[in-house]
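Notes for the structure review
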Amino acid sequence: MGNPVLRGDLRARSGSRKIWTLEAIYLGILGALVFLGLPPELGRLAESHEPSLFVAVLWVQIVLLTYFASACLAQEIAVEGEKAPIDLIFAPFAAAAIVGGKSLSSLVTILYWLLLGAPLLVLTTAIRQIPIGSLLSAAGLIAVVAWGIAQVGLLYSVVFEAEFSRTVAHWMTLAAIFAGTTLLPPSLRSLNPVEATTEAASGVPPALAVAAYAGLGALCGLWTWERLRRLAAA
Amino acid sequence: MRRARAWRDRHALTALFGLALVCGLAAFVSPPPPLPHARAASSPEAVARLEVRLGFGGVVKIGVPLPLEVVLPPLAVSGPAEMVVDTPALGPQAGQVVTTTAVPFVSVADTVRVIRAPVVISDPRRPVTVRVTVRGREVLGTTVALSPEHVGGRVVVALSDDRTGLAALHRLPGPVVVAYVTAEALPRRWQEYAAVDLLVIRDLDPAALDVAQQEALLRWVRLGGRLLLVARSAAAAGSTETAGSPGGRAPVFPAYLDPLLPADVGPIRALPSAAGLAERYGGTSPSGPLTVAALRPRAGAGHLDLSGVPVIASGGPGSGQGQVTIWGFDPWRPPLIGWNGRLPLWDNALGSEPAPGVDVEGLAEHLAAGTPLDPTVHARVFGAILLYLALLLGLRRWKPTVAGAAGALLIVLAALGAFPMLAEVVRDRSATLAQVTIIEPAIGTGSARATTVAAVAVPYGGRYRVTAVPAEMLAEPLTPASDLRIVLGALGSELTGVLRSGDPPRPFLAVGAIPLSASAVLSRDGRSLAVDLGALRATHVELRWRDRLYPLADLPAGRTVHELRPDGWIAAASSGGSSSEWSGRVARAIFQGSGADAILNGAAPVLAGEVDGVAPVFTLGGARALGQRLTVLLVPLERR
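Numbering of residues starts from 1 in every chain and runs along the sequence as written. Labels follow written order: the first chain is A, the first ligand is 1, and so on. Selection of residues for local features in this predicted model requires a pLDDT of at least 70, selection of side-chain atom pairs for listing and counting requires 80 or more, and totals for whole chains, interfaces and linings are taken over all residues.

1. Let's talk about the sheet that holds strand E21 (residues 485–488) of chain B
Residue and element names in this part refer to chain B. The eight strands lie next to each other as E7-E6-E3-E4-E21-E22-E19-E31, forming an open sheet whose pairing is mixed. Two strands bound the open sheet, and with one partner strand each, they are strand E7 (137–144) and strand E31 (618–620). Within this sheet the neighbouring strands show an average axis-to-axis angle of 20°, counted without direction. Note on pairing: DSSP must find at least two bridges between two strands before they are called paired. The helix count covers DSSP runs of H or I at least four residues long, the strand count covers runs of E at least two residues long, and both are numbered beginning at the N terminus. The convention used is that axes are lines fitted to C-alpha atoms, helices contributing only their stretch in contact, and that angles between N-to-C directions extend from 0 to 180 degrees.

2. Concerning the domain arrangement of chain B
Residues and elements named next belong to chain B. For every domain, the bounds stem from an assignment made automatically or drawn from a database. Its domain assignment divides chain B into domain 1 (46–149), domain 2 (152–350), domain 3 (375–430) and domain 4 (433–639). Here contacts are defined at the residue level, using C-beta atoms placed from the backbone and a cut-off of 7 Å between them. Residue-level contacts link nine residues of domain 2 with nine residues of domain 4. Residues are grouped as follows: nonpolar covers Ala, Val, Leu, Ile, Met, Phe, Trp, Tyr, Cys and Pro; charged covers Asp, Glu, Lys and Arg; every other residue, Gly included, is treated as polar. A class-by-class count of the residues in the side of domain 2 that touches domain 4 yields three nonpolar, three polar and three charged.

3. Digging into the interface of chain A and chain B
At the junction of the two partners, chain A supplies 32 residues and chain B supplies 35 residues. Listing elements by their share of the side of chain A that touches chain B, those giving two or more residues are helix H1 (4–15), helix H2 (17–36) and helix H5 (95–127) of chain A. In terms of residue count, H5(A) provides more of the side of chain A that touches chain B than any other element does, ten residues in total. When grouped by side-chain class, the residues that make up the side of chain A that touches chain B number 21 nonpolar, six polar and five charged.

4. Some words on the sheet that holds strand E26 (residues 538–545) of chain B
Residue and element names in this part refer to chain B. Spatial strand order, E20-E23-E18-E17-E32-E30-E26-E27-E29: nine strands in an open sheet with mixed pairing. Of all the strands in the sheet, just strand E20 (474–477) and strand E29 (570–571) have a single pairing partner and so form its edges. When E26 meets strand E30 (residues 606–611), the two strands line up antiparallel, connected through five bridges. Residue pairing across strands places Glu 542 opposite Ala 608, the latter belonging to E30. Sitting on the sheet, helix H11 (residues 581–592) is in contact with strand E17 (432–442), E26, E30 and strand E32 (628–636), with an inclination near 40° to E32.

5. Describing helix H3 (residues 52–73) of chain A
Residue and element names in this part refer to chain A. By this rule, a helix spans an expected 1.5 Å times one less than how many residues it contains. Helix length check: H3 (22 residues) gives 32 Å between terminal C-alpha atoms against 32 Å at 1.5 Å per residue, within 8%. Residues with at least 20 other C-beta atoms within 10 Å of their own are called buried, those with 12 or fewer are called exposed, and the rest are partly exposed. The C-beta atoms themselves are positioned from the backbone. Most of H3 sits out of view: 17 of its 22 residues are buried. Immediately beyond the C-terminal end of H3, within one or two residues, lies Gln 75, with a positive phi of roughly 65°.

6. So, the environment of Arg449(B)
Residues and elements named next belong to chain B. Structurally, Arg 449 can be placed in strand E18 (residues 447–457). For the pair Arg 449 and Trp 569, spaced 120 residues apart in the sequence, the C-alpha separation amounts to 28 Å. Discounting chain neighbours no more than four positions away, the residues touching Arg 449 are Leu 223, Glu 440, Ala 442 and Ala 513.

7. Re the nonpolar core
The term nonpolar core means buried Ala, Val, Leu, Ile, Met, Phe, Trp, Tyr and Cys residues held together as one set by C-beta atoms within 7 Å. Counting 251 residues, the largest nonpolar core has Ala146(A), Val156(B), Val200(B), Leu363(B), Val456(B), Ala510(B) and Leu633(B) as the members making the most contacts within it. With 17 residues, helix H6 (residues 132–159) of chain A is the single largest residue contributor to this core. Contacts of Leu633(B), omitting those with residues within four sequence positions, involve Ile439(B), Ala518(B), Leu536(B), Ala538(B), Ala608(B), Gly609(B) and Val611(B).

8. A word on the confidence of the model for chain B
All names here are of chain B. pLDDT measures how confident the predictor is about each residue, on a scale from 0 to 100. Per-residue confidence for chain B gives a mean pLDDT of 84; residues scoring 70 or more make up 86%. Within chain B, no element has a lower average pLDDT than helix H2 (residues 36–41), which sits at 36, and none a higher one than strand E10 (residues 198–201), at 96. Low pLDDT (under 50) marks residues 12–47, which in the prediction has 13 contacts with non-local residues, meaning those over four places away or in another chain. Below a pLDDT of 50 lies the segment residues 240–249, which in the model reaches 24 contacts outside its immediate sequence neighbourhood of four places, other chains included. The complex model carries a pTM of 0.76, and its ipTM stands at 0.93.

9. Looking at unusual backbone geometry
Generally, phi is negative for residues other than glycine and the peptide bonds are trans, each holding for most cases. Pro335(B) follows Pro334(B) through a cis peptide bond whose omega is 5°. Phi is positive for Gln75(A), which is not a glycine, with a value near 65°. Examined against the element boundaries, Gln75(A) turns out to sit in the loop between H3 and helix H4 (85–88). You can call Gln75(A) buried: it has 22 C-beta atoms within 10 Å. One non-glycine residue, His540(B), lies in the positive phi region at around 50°. Mapping His540(B) onto the fold places it in strand E26. Classification of His540(B) by C-beta neighbours within 10 Å gives buried; the count is 21.

Here's what the structure looks like:
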């Protein structure tokens, strides 16, 4: 915790009412889904044995976490007490410390939210005897995808000065990632976060999606660092 | 000399080189050292062979329990052992469905053992596999292929020293397949006679059947089997008086068959002609005189006389639901062996194919419809989720700091420990067993046929273990399942398998007999009904006949007499006399299913009711849900 930006962000997020509300919404939706999906899936065709409720919970989880994480970094959801990267360049922090701190605080928040939802997922998977490996694989994918897309939000926070254009760009990006990737050829279809989650839940290692979104996150981080460095020099 | 040494040296080198080459080649082409499995195959046990006797002299029928007898040669090792039989079944995926039946036993070295197990063959195209393991190691194995000509639509089993003469029976509808067997081949469980449409006993050493075989034979006949006894004139002549005779001399038939017999066998008579048989069964009159054993029909038995001498007797009160016929003539001997009217005679003995009674498949479907989850489970899960969210969010609100967030992780840890336990409770309480036992007394025999249909539901998927007791109840799956294993133990059968999430409930069937003396007698004018339920007490009792029913309410144990009002009969469709919606559904499956005609359209009404106090046949291991259970009594009314 040597990074002051990380320390400050974590402290701000721990005390934020908005984050508490986001957590309540996120856990409430997961809890409701787990409870309402409790009755067993009887009478389905013999061939369709996918643990559908488990996958549906994961879908909801990846959508919510991705949006919350990226919206927080893009300043679309303004967390009380948390400073924007563009404001931090006027403080005595290096651009690398700002980008590193923001990235890490986003990753820690995502992992924390995943942990909060874990008991609900474990309840669903244990009832249906789904291997824990599928759960861990899907959780890892969600963390990487949510962090990678949150990094896009971080980039937008320094690229777009106007809040409106930033929000539009953020939503366009989310639409492109969640809807646009469904138009890709089948070999690249696993770049769609929902498709990748389904594959991970069925035991297929989501290597392409993990690599792509980790790369996207790193690229956006580097771009943000470069932009901040230039702004600081100016 | 030097040349000779040089020649020797050259040849010695050549020989050495050749030897090395041969050794090298031998090393190259020789098989590798035997693997453990291959060593087992070359062990003394593997050299010895399993002797497998399947069905009746190799004749089988599809979809019914068959006797399987395996003679184990002396084994080299002692210890816990198991005979495993894999019987192929026709399933949705061709060639992949196999039901495994295992019989545990203790192997004693250098001892011949005979292991028996009932098996059901559903796919005759694939062989039956028999394996024997001792201490977990497979020591013997063989496969038994079935030839198409040994698969019968209707099966006649004959105990006769003459193993020819019935070939023409294959022309009867069915097709009919004849199996000549010796006494040792007769089953020791009455249920294994299910493949037999007619058992013909012509030559039977009274001592050839052991007690289990005798009891199985008697029970099978009383619960619906057809038995034909041929009183050979030679045997009858050897005993001047006969079975159950006052003379006390050696009987023609074994004494244990006496309670079943519709007639006693009298003295030998030579009839001038057998024209009466031709008049009755068609064909030209058999040429020449006919030597017969004159029969003395017992009270209540029907008989056919030739020249005033009873030569065929059938029926009688001792045979229960079955049919026992005695022929006082020998169809294997002239003039009947070449008689062209013998096919109708045999067709008459074989009878018509019995109409199926209770539609067990249809009943199983109705048992399975809907497996409601225990409401308390819903409440527990709701409470647990609510508590978790409340604690978590409450702490985060109460202590909005990094330490508070870290403290929330302790709640997460606790939930991660508790929720899997809650999941186990949900699973246990969702796995249910529904079963219906139908008891059909065989009037006058003191026993009843008990048919139990059960459905196991594991809604979230997983392994199930069902126990069927007592061991006399023969349990089998009703639908093909590739992962089903049946272990036949001394106390009962254990059926284990796996159901995936979303799979429909798995149905099972158990058939057995229970001691029960119940009867219901309707007066000739239909105004009075005398019911004797023995020790049983029945609720929601009603008389059913065709599409009408007469409600009788509850009946106590013992004998009761009821006056019946002619206007008391109502349409069956308007009945609402079941104890619950579920039992009403079961009643509809019994009385409106495909087997309803055989139950309801007989010559007399049937008394139906729900019975308490009969122990369940199936038990689902580990299930905490109560499940559903119903015992239905079906007593055909006698008219007197």
